[in-house]
Amino acid sequence: MKRVGILTSGGDSPGMNAAIAGAVTAAEQKRIEIIGIWNGYDGLLDEQFLPLSSSRVRGINSLGGTILGTSRSERFMLPEWRRRVPDTMASTGLDGLIIVGGNGSLKGAVALEQAGIPTVGIPGTIDNDLGGTDFTLGFVTAAETAVKAVRRLTDVALSEKGVFVVEVMGRNSGYIAMFVGLATGADFVNIPEAPSTPQEIALKLSQSEESAIVIWAEGCGDPSAAAETLKAALHRDVEISRIGYLQRGGTASTLDSFIGFGMGAAALNALSEGRRSVMIGVRNLQPVEVPYEVAVQTNPIPPYLQQILLPLLNTR
Ligand code: F6P
């Protein structure tokens, strides 16, 4: 393998840049040329390429976002556009691709494999919703950012004796909500894997006259109706606070930077040694190769969290 492309796709996540730096550094060691592809799959279709080097990726290991830009490419979903990729690969001399992204991006990699293109994936998403890996790149950073925001809201809630429903991201996964709820000692955590009704939340909160923080995973739907129910049941002010994109940006945590760099290097090594159709996950702080069919499965909240921690959080 002489020339490899790397792209970041879907929602950006802290740690993506570390993965790029790791792949570039490993490629230089192996004297493999590495090409950055701009704006995810859109850049692949439009041949927006830029050769990368160690000087270009210097100092980016903990930089948030992605220096390559990203997109949720609608064109790439269409077979007529994807059919062009093998020709693009051949005419530009690309022998394989490293795809950094979440579930949808890895499904794109599966489609490329079906077209005969060697790919290796890296789990870049804050959602922690991919199989075969302890966590995805950006999850730890996003949870930490949300924890800081909730601590600030707790100051306000305590002072005003109010109720805050704090919506965190995660798509259909409750991982961010679980971790944030536990780290902040929230009064209730609502996750899509074990959703509670507004009445159940109100019953729990009615046991105390104090302020309350409810962590609400976005996968549970719009919290507006639940907030109205809480207001009526508790006769207290109820505010909804959405942390939104704030939790996706910012300096990557040391763990996301460290793991991200290792994943980038492991992806380059796997691809250059002829392995493909695998995502580089992490187990026990070591990169592992996870077959795509395992990676694209959802990552359920493990039984120990559901059985031990969640009931504690919701009935304290
Ligand atoms: O997948 C990452 C994520 O931030 C999800 O948590 C969220 O549901 C979604 O992306 C938001 O998507 P967009 O960036 O397209 O608004």
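Treat the numbers as computed from the prediction; the structure is a model and nothing was measured.

Draft legend 1. Seen up close, the domain arrangement of the protein. For the protein, the assigned domains are domain 1 (3-138 + 252-295) and domain 2 (139-248). Computed from C-alpha atoms alone, the centre-to-centre distance between domain 1 and domain 2 is 33 Å. Of the roughly 1,200 Å² buried where domain 1 meets domain 2, counting both sides, 51% is carbon and sulfur surface. In terms of surface lost to domain 2, no three residues of domain 1 exceed Ile-126, Asp-127 and Asn-128, which account for 45% of the buried area on that side. The interface formed by domain 1 and domain 2 contains two salt bridges. In this structure, Arg-171 and Asp-127 form a salt bridge, with 3.8 Å as the shortest nitrogen-oxygen distance. Counting across the interface, domain 1 meets domain 2 through eight residue pairs in polar contact (both at pLDDT 80 or more).

Draft legend 2. Structural context of the layout of surface pockets. Taken as a whole, the largest pocket spans an internal volume of roughly 720 Å³. Lining the largest pocket are 36 residues, with Arg-72, Gly-102, Asn-103, Gly-104 and Arg-171 positioned closest to its centre. Per element, the largest residue contribution to the lining of the largest pocket is six residues, and it comes from helix α5 (residues 103-114). Taken together, the residues of the lining of the largest pocket break down into eight nonpolar, 18 polar and ten charged. Among the domains, domain 1 (3-138 + 252-295) and domain 2 (139-248) are the pair contributing at least three residues each to the lining of the largest pocket. Estimated volume of the second largest pocket: approximately 180 Å³. What lines the second largest pocket is simply Phe-139, Val-140, Ala-143, Glu-144, Val-147, Met-178, Phe-179, Leu-182, Ala-183, Leu-305 and Leu-309. Put simply, the parts of the chain that give the lining of the second largest pocket at least two residues each are α6 (139-160), α7 (175-184) and α12 (303-315).

Draft legend 3. Broad picture of the environment of Met-89. Relative to the helices and strands, Met-89 is located in helix α4 (residues 85-92). Separated by 57 residues in sequence, Met-89 and Ile-32 have C-alpha atoms that sit 16 Å apart.

Draft legend 4. Seen up close, the sheet that holds strand β10 (residues 278-283). Spatial ordering of the open sheet is given by β3-β2-β1-β4-β5-β10-β11, a layout of seven strands whose pairing is mixed. The outermost strands of the open sheet, each flanked by one partner alone, are β3 (49-51) and β11 (286-291). The average undirected angle you get between the axes of adjacent strands in this sheet is 30°. Pairing of β10 with β11, which is carried by six bridges, proceeds in the antiparallel orientation. In the strand pairing of β11, Val-282 is matched with Pro-287. Against the sheet, α5 engages β4 (96-101), β5 (119-123) and β10, with an angle of about 160° to β4. Contacts from helix α10 (residues 254-272) reach β1 (3-8), β4, β5, β10 and β11 within the one sheet, and its direction differs from that of β5 by about 170°.

Draft legend 5. Geometry of the sheet that holds strand β8 (residues 212-217). The strand order across the open sheet built from four strands is β7-β8-β6-β9, with neighbouring strands paired in parallel fashion. With one partner strand each, in any of the chains shown, β7 (188-190) and β9 (238-242) form the two edges of the open sheet. Adjacent strand axes in the sheet meet at a mean angle of 20°, parallel and antiparallel pairs treated alike. Packing of helix α9 (residues 224-234) onto the sheet brings it into contact with β6 (163-168), β8 and β9, and relative to β9 it is tilted by some 155°.

Draft legend 6. Quick look at the packing of aromatic side chains. If you walk through the whole model with that rule in mind, you get four aromatic pairs. Look at Tyr-41 and Phe-76: their rings are 3.9 Å apart centre to centre, the planes differ by 5°, and that puts the pair in the stacked class. Of the two residues, Tyr-41 sits in helix α2 (residues 40-45) while Phe-76 sits in the loop between β3 and α3 (79-82), which places them 35 residues apart along the sequence. With respect to class, Tyr-41 is no different from Phe-76; both count as buried. A centroid spacing of 6.2 Å and a plane angle of 40° characterise the contact between Tyr-175 and Phe-179, whose relative ring orientation is tilted. Here Phe-179 and Tyr-175 lie together in helix α7, a separation of four residues that amounts to about one turn. For Tyr-175, a relative accessible area of 6% corresponds to the buried category. Through a chain of ring-to-ring contacts, the aromatic side chains of Phe-139, Tyr-175 and Phe-179 assemble into a single cluster. The side chain of Arg-75 reaches across the aromatic face of Trp-81, ending 4.6 Å from its centre. Sitting over the face of the ring of Trp-81, Arg-84 holds its NZ or CZ atom 4.1 Å from the ring centroid.

Definitions and limits used
Throughout this description, residue numbers start from 1 for each chain and increase along the sequence as written. Where totals are concerned, whole chains, interfaces and linings use all residues; where local detail is concerned, this predicted model gives features only for residues with pLDDT of at least 70, and gives and counts side-chain atom pairs only at 80 or more. The basis for every side-chain value is the complete set of non-hydrogen atoms in the structure, without hydrogens or water. For the domain bounds, the source is a domain assignment made automatically or taken from a database. We define buried area as the total accessible area lost by two parts upon association, computed with a 1.4 Å probe and summed across both. Salt bridges are defined as contacts in which a side-chain nitrogen from Lys or Arg sits within 4 Å of a carboxyl oxygen from Asp or Glu. Pairs of N or O atoms within 3.5 Å make up the polar contacts considered here, provided that, within protein, one atom can donate a hydrogen while the other can accept it, and that residues adjacent in sequence are counted only when both atoms are side-chain atoms. Here the term cavity refers to a set of points on a 1 Å grid, laid over the protein atoms alone, in which a 1.4 Å probe fits but cannot get out; the term pocket refers to an open set having protein on both sides within 12 Å along at least five of seven lines, with lining residues being those that place an atom within 4 Å of a point. Grid points are joined across faces, edges and corners, and a volume is the space filled by probe spheres set on the points. To qualify as a helix, a DSSP run of H or I must reach at least 4 residues; to qualify as a strand, a run of E must reach at least 2; elements of each kind are numbered from the N terminus. Under this grouping Gly is polar, as are all residues other than the nonpolar Ala, Val, Leu, Ile, Met, Phe, Trp, Tyr, Cys and Pro and the charged Asp, Glu, Lys and Arg. Here a strand pair is declared whenever DSSP counts at least two bridges between the two strands. The axes used here are C-alpha line fits, helices contributing only the stretch in contact, and every angle between their N-to-C directions lies in the interval 0 to 180 degrees. For this analysis, residues touch if any pair of their heavy atoms sits within 4.5 Å. Pairing of aromatic rings covers Phe, Tyr and Trp, the last counted by its six-membered ring, and requires centre-to-centre distances within 6.5 Å; plane angles under 30 degrees mean stacked, over 60 mean edge-to-face, and any other angle means tilted. Each residue is placed in one exposure class: buried if its accessible area under a 1.4 Å probe, protein chains only, is under 20% of its type's maximum, exposed if it is over 50%, and partly exposed if it falls in between. To sit over a ring, a charge needs its Lys NZ or Arg CZ within 6 Å of the ring centre and within 35 degrees of the ring normal.

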